[in-house]
Amino acid sequence: MSEQESLKSSSARNRGGVQRVEGKLRASVERGDYYEAHQMYRTLFFRYMSQAKHAEARELMYNGALLFFSYNQQNSAADLSMLVLESLEKSEDKVDDDTLEHLAKLYSLMDPNSPERVAFVSRAIKWSSGGSGKLGHPKLHQLLALTLWKEQNYSESRYHFLRSSDGEGCAQMLVEYSSARGLNGEVDMFVTQAVLQFLCLKNKTSASVVFTTYTQKHPSLEKGPPFVQPLLNFLWFLLLAVDGGKLTVFTVLCEQYQPSLKRDPMYNEYLDRIGQLFFGVPPKQSSSYGGLLGNLLNSLMGSGEEEDGEEALEDSSPIELD
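The chain appears in an unreviewed UniProt entry as Golgi to ER traffic protein 4 homolog from Triplophysa tibetana. One UniProt comment on the chain, placed under Subunit (unreviewed entry), says "Component of the BAG6/BAT3 complex." As recorded by UniProt, the Sequence similarities (unreviewed entry) comment attached to the chain reads in full: "Belongs to the GET4 family."

See the structure below:
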């Protein structure tokens, strides 16, 4: 038997062994012996990990978590979900779409109000970064955003959409968010915040897509440009200015639309950042905010790296994108 055939045979035996073990564990769960089954899963996990069988351990824990979720055993399911992450953290496996989809599936089944879900998503995002930054993998953020959107947790969904590359999905969620929770006079503010925040992350493409999709699909907006709402006209001109990169155009634009930009005190903070990124404006010597708020503004932009390989943004005042 060749070496390749030997490896295939060994893999088939391992897979058959896992399937037999899973059958016994499933039977225990179906009998209602949840505690016994949970402890057996944990024992097998650490046995596999001690033998460096990370893939087998992960598959067993993933299927076990799904099984416990199907019987509404949230605590046991969440514990096995965390073991899935542990197997990833200790292996050298690369980030791939299948694994990200598995993690998002486990997240979607967890109790939205459980502390375990918060701990799980934090570790999942950190692992998905692959050591190259703190923002997490865009695909995972997209999947998390879609789950939270279905749960009508619009604020958290927006947070994750901003860290994805899905401008169209973000816009469609914002249309629903604005229609369900916003006032008529705020319809322009929902998309303004998103466009400015995408630009602060140097994601021009998503900024443009979220603006175009939102203004085309929102039922309360007349088609433009030009638009009835000054803020929307400002965004339209801003996106054109970003492509041109001329500081004088950017400066005049911000001056002309100051009355509208004063509707939210964060707009000018975002624009300071955008001026630095796209128009060569030097960073402020110190933030206009101090104390606690100044610390909050350091939460994202002072440490993130761009997913597309652009340099880390370390030399300018950070902005909190919540």
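Further notes follow.
Attention shifts here to a negative patch on the surface. On the surface, a cluster of negative charge is contributed by D96, D97, D98 and E101. By the element assignment, E101 lies in helix 5 (residues 97–109). Under the relative-accessibility criterion, E101 is labelled partly exposed at 38%.

Let us look at the pattern of salt bridges. Taken as a whole and assessed by the stated rule, the structure comprises seven salt bridges. The closest approach of N and O atoms between R42 and D79, which form a salt bridge, is 2.7 Å. You can see R42 sitting in helix 2 (residues 34–50) and its partner D79 sitting in helix 4 (residues 74–90), a full 37 residues away along the chain. A relative accessible area of 23% means that D79 is categorised as partly exposed. E86 serves as the salt-bridge partner of K90, at 3.0 Å between the closest nitrogen and oxygen. One end of the pair is K90 and the other is E86, both in helix 4 and four residues apart, which spans about a single turn.

Here the focus is the nonpolar core. Taken as a class, soluble globular proteins show a tendency for nonpolar side chains to be buried jointly. In terms of nonpolar packing, the biggest core is built from 49 residues, with V195, L199, Y214, F234, L238, L271 and I274 touching the most fellow members. Those elements giving two or more residues to this core turn out to be helix 7 (138–150), helix 8 (154–162), helix 9 (167–181), helix 10 (187–200), helix 11 (204–217), helix 12 (230–244), helix 13 (247–256) and helix 15 (266–279). Setting aside residues up to four positions removed in sequence, L238 forms contacts with L196, L199, F250, L253 and L271. Membership of the second largest hydrophobic core comes to 40 residues, among which are A37, Y41, L44 and A124.

We now examine helix 12. The end-to-end C-alpha separation of helix 12 is 21 Å, in line with the 21 Å expected for 15 residues at 1.5 Å each. The complete set of buried residues in helix 12 reads L231, L232, N233, F234, L235, L238, L239, A241 and V242. Once helix 12 ends, the next one or two residues include G245, with phi positive near 75°.

Turning next to the side chain of S260. Structurally, S260 is set in helix 14 (residues 258–261). Setting aside residues no more than four positions away along its own chain, S260 makes contact with P230, L231 and Y267.

Turning next to the packing of helix 3 (residues 54–70) against helix 4. Direction vectors running N to C along helix 3 and helix 4 enclose 160°, while the axes themselves pass 8 Å from each other. Compared by their axis directions, helix 3 and helix 4 come out roughly antiparallel. The interaxial crossing formed by helix 3 with helix 4 has left-handed handedness. Residues H54, R58, M61, Y62, G64, A65, F68 and F69 of helix 3 touch helix 4, and the partners they reach there are Q74, S76, A77, A78, L80, S81, L83, V84, S87, L88 and K90. A breakdown of the residues in the contact of helix 3 with helix 4 according to their chemical character gives eleven nonpolar, six polar and two charged.

Below, the discussion takes up the packing of aromatic side chains. Evaluation of the coordinates by the stated rule reveals ten aromatic pairs. Between Y34 and Y71 the ring centres are 6.2 Å apart and the planes differ by 55°, which places this aromatic pair in the tilted class. With Y34 in helix 2 and Y71 in the loop between helix 3 and helix 4, this pair connects stretches of sequence that are 37 residues apart. Cluster of aromatic residues (ring-pair linked, three or more members): Y154, Y177 and F190. The ring of Y107 has R117 lying over it, and the distance from NZ or CZ to the ring centre is 3.9 Å. Here R163 stacks its cationic end above the ring of Y159, 3.7 Å away from the centre of that ring.

Conventions we followed
Residues numbered from 1 in each chain as written. Predicted model: local features only at pLDDT ≥ 70, side-chain atom pairs only at ≥ 80, totals over all residues. Heavy atoms only, no water. UniProt positions renumbered as here; feature names shortened; annotations may be inferred. Patch = residues over 30% accessible without salt bridge, like charges linked within 9 Å, V, L, I, M, F, W, Y side chains within 5 Å. Areas by Shrake-Rupley, 256 points an atom, 1.4 Å probe, with all protein chains shown as cover. Salt bridge = Lys/Arg side-chain N within 4 Å of Asp/Glu carboxyl O. Lys, Arg positive; Asp, Glu negative; His and termini not counted. Charge placed at Lys NZ, Arg CZ, Asp CG, Glu CD. Helix = DSSP H or I, 4+ residues; strand = E, 2+ residues; numbered from the N terminus. Buried < 20%, exposed > 50% of the residue type's maximum accessible area, 1.4 Å probe, protein only. Core = buried A, V, L, I, M, F, W, Y, C linked by side-chain atoms within 4.5 Å. Contact = heavy atoms within 4.5 Å. Expected span 1.5 Å × (residues − 1). Axes fitted to C-alpha atoms, helices over the stretch in contact; angles between N-to-C directions. Parallel < 35°, antiparallel > 145°, perpendicular 65-115°, else oblique. Left-handed = near helix turned anticlockwise from the far one by under 90°. Nonpolar A, V, L, I, M, F, W, Y, C, P; charged D, E, K, R; others polar. Phe/Tyr/Trp six-rings, centres within 6.5 Å; stacked < 30°, edge-to-face > 60°. Lys NZ or Arg CZ within 6 Å of the ring centre and 35° of its normal.

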